[in-house]
Amino acid sequence: MNFLARSARAVRPVRMVRSYATEAAVAGLRLTFAVPHQTIYKDVSVAQVNIAAVSGDMGILASHVPSIEQLRPGVVEVIEGAATKKFFVSGGFATMNPDSSLNINAVEAFPVEEFSPEAIRANLAEAQRLSNSASTEEEKLAAKVEVEVLESLQAAVNAK
């Protein structure tokens, strides 16, 4: 018998019960949103957060089912009652906890309104040129990642 099998038999069964976060619904969704050099939101109560996850776009409200989602390049939209703020993230993770707290850790995050459509177009054209003319596989992959991020950024800026 291997170690894992012995360990599994030694553990007493636990009865799993699905419960609802009734007290969390009153307090709302608590958001912590950080990048390596800055905390954008720290335990702030918000109405809703929309994220661009690898598994698909999703809206998160208080009492959302706990989950961990990998973020793809795209928009994180924070709805604070009447105000809405949009941030472009290049990637990261979002963790929804059972207590209606949401932690977003992103590699980079910038307000969407800070981007210039003209600069994005120019950078995208250059990245596509590099992708087509790259001599090594490593250069091609780096250029393709840059093209993917810039295309997502262009879509986010055009949608605002």
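Notes on the structure follow. (Residues numbered from 1 in each chain as written. Predicted model: local features only at pLDDT ≥ 70, side-chain atom pairs only at ≥ 80, totals over all residues. Heavy atoms only, no water.)

**Describing the packing of aromatic side chains**
Under the convention used in this document: Centres within 6.5 Å are what make two rings of Phe, Tyr or Trp a pair, Trp counting through its six-membered ring; a difference in plane orientation under 30 degrees is then read as stacked, over 60 as edge-to-face, and the rest as tilted. Each helix is a run of H or I in the DSSP string that is no shorter than four residues. Each strand is a run of E no shorter than two, and both are numbered from the N terminus. We call a residue buried when its accessible area falls under 20% of the maximum for its residue type, exposed when it is over 50%, and partly exposed in between, using a 1.4 Å probe and counting protein chains only.
The tally for this structure, following the rule as stated, stands at four aromatic pairs. For the ring pair Tyr-41 and Phe-87, a centre distance of 6.2 Å and an interplane angle of 85 degrees mean the geometry is edge-to-face. Here the residue Tyr-41 occupies a position in strand E2 (residues 38-46), and Phe-87 occupies one in strand E7 (residues 83-89), the gap between them amounting to 46 residues. Ring geometry for Phe-110 and Phe-115: centres 6.1 Å apart, planes at 85 degrees, overall edge-to-face. According to the relative accessible area criterion, Phe-110 is partly exposed, its value standing at 36%.

**Focus: the packing of helix H3 (residues 117-133) against helix H4 (residues 137-159)**
In plain terms, the rule: Axes here refer to lines fitted to C-alpha atoms; in helices the fit is confined to the stretch in contact. Angles between the N-to-C directions go from 0 to 180 degrees. The scheme is simple: roughly parallel for angles under 35 degrees, roughly antiparallel for over 145, roughly perpendicular for 65 to 115, oblique for anything else. For a crossing to be left-handed, the near helix must be turned anticlockwise from the far one by less than a right angle; the clockwise case is right-handed. We call two residues contacting when some pair of their heavy atoms lies within 4.5 Å. Here the nonpolar group is Ala, Val, Leu, Ile, Met, Phe, Trp, Tyr, Cys and Pro; Asp, Glu, Lys and Arg are the charged ones; every other residue, Gly included, is treated as polar.
Here H3 crosses H4 at 155 degrees, and the two axes come no closer than 9 Å. In terms of their interaxial angle, H3 and H4 are classed as roughly antiparallel. For the pair H3 and H4, the crossing hand works out as left-handed. Residues Pro-117, Ile-120, Arg-121, Asn-123, Leu-124, Ala-127, Gln-128, Leu-130 and Ser-131 of H3 lie in contact with H4, whose contacting residues are Lys-140, Ala-143, Lys-144, Glu-146, Val-147, Leu-150, Glu-151, Leu-153, Gln-154 and Val-157. When grouped by side-chain class, the residues that make up the contact of H3 with H4 number ten nonpolar, four polar and five charged.

**Side note on the nonpolar core**
Let me state the cut-off plainly: Within this scheme, the nonpolar core is defined by two criteria: the residues are buried Ala, Val, Leu, Ile, Met, Phe, Trp, Tyr or Cys, and they are joined through side-chain atoms within 4.5 Å.
Among the nonpolar cores identified, the biggest contains 21 residues, and Leu-31, Phe-33, Val-49, Ile-51, Val-76, Leu-102 and Ile-104 are the most heavily contacted of them. Taken together, the elements giving at least two residues each to this core come down to strand E1 (29-35), E2, strand E3 (48-53), strand E6 (74-80), E7, strand E8 (92-96) and strand E9 (101-106). Element by element, the count of residues in this core is highest for E1, at four residues. By size, the runner-up hydrophobic cluster in this structure holds ten residues, among which are Val-112, Ile-120, Leu-124 and Val-147.

**A word on H3**
Cut-off, in case you're wondering: To estimate how far a helix should reach, multiply one less than its number of residues by 1.5 Å. What the arc covers is the set of directions going from the helix axis to the C-beta atoms.
With 17 residues, H3 ought to run about 24 Å at 1.5 Å a step, and its terminal C-alpha atoms sit 24 Å apart, in line with that. Listed in full, the buried residues belonging to H3 are Ile-120, Leu-124, Ala-127 and Ser-131. In a view along the axis of H3, the buried residues occupy a sector of 65 degrees, so they form one face of it. Exposed side chains of H3 directed beyond 90 degrees from the buried face belong to Glu-118 and Asn-132.

**A closer look at the layout of surface pockets**
Under the convention used in this document: A pocket, in this scheme, is an open set of points on a 1 Å grid over the protein atoms alone with protein on both sides within 12 Å along at least 5 of 7 lines, while a cavity is a set where a 1.4 Å probe fits but cannot get out; residues line either one if an atom lies within 4 Å of a point. Grid points are joined across faces, edges and corners, and a volume is the space filled by probe spheres set on the points.
Put simply, the largest pocket is a space of about 220 Å³. If you trace the largest pocket, you find 15 residues lining it, with Ala-52, Asp-57, Gly-74, Val-75 and Ala-156 closest to the centre. Among the secondary structure elements, those contributing two or more residues to the lining of the largest pocket are E3, strand E4 (56-60), E6 and H4. Among the elements that take part in the lining of the largest pocket, H4 stands out by supplying four residues, more than any other.

**Digging into unusual backbone geometry**
Generally, phi is negative for residues other than glycine and the peptide bonds are trans, each holding for most cases. A positive phi angle is found at Asp-43, which is not glycine, with a value near 50 degrees. With respect to the helices and strands, Asp-43 occurs in strand E2. By relative accessible area, Asp-43 is classed as partly exposed at 48%. Phi is positive for Ser-63, which is not a glycine, with a value near 70 degrees.

**Quick notes on the environment of Ser-131**
Here Ser-131 is to be found in helix H3. The buried category is assigned to Ser-131, whose relative accessible area is 14%. Considered as a pair, Ser-131 and Val-147 are 16 residues apart in the sequence and their alpha carbons are 8.1 Å apart. Among all residues touching Ser-131, those that are not within four sequence positions of it are Lys-140, Ala-143 and Lys-144.

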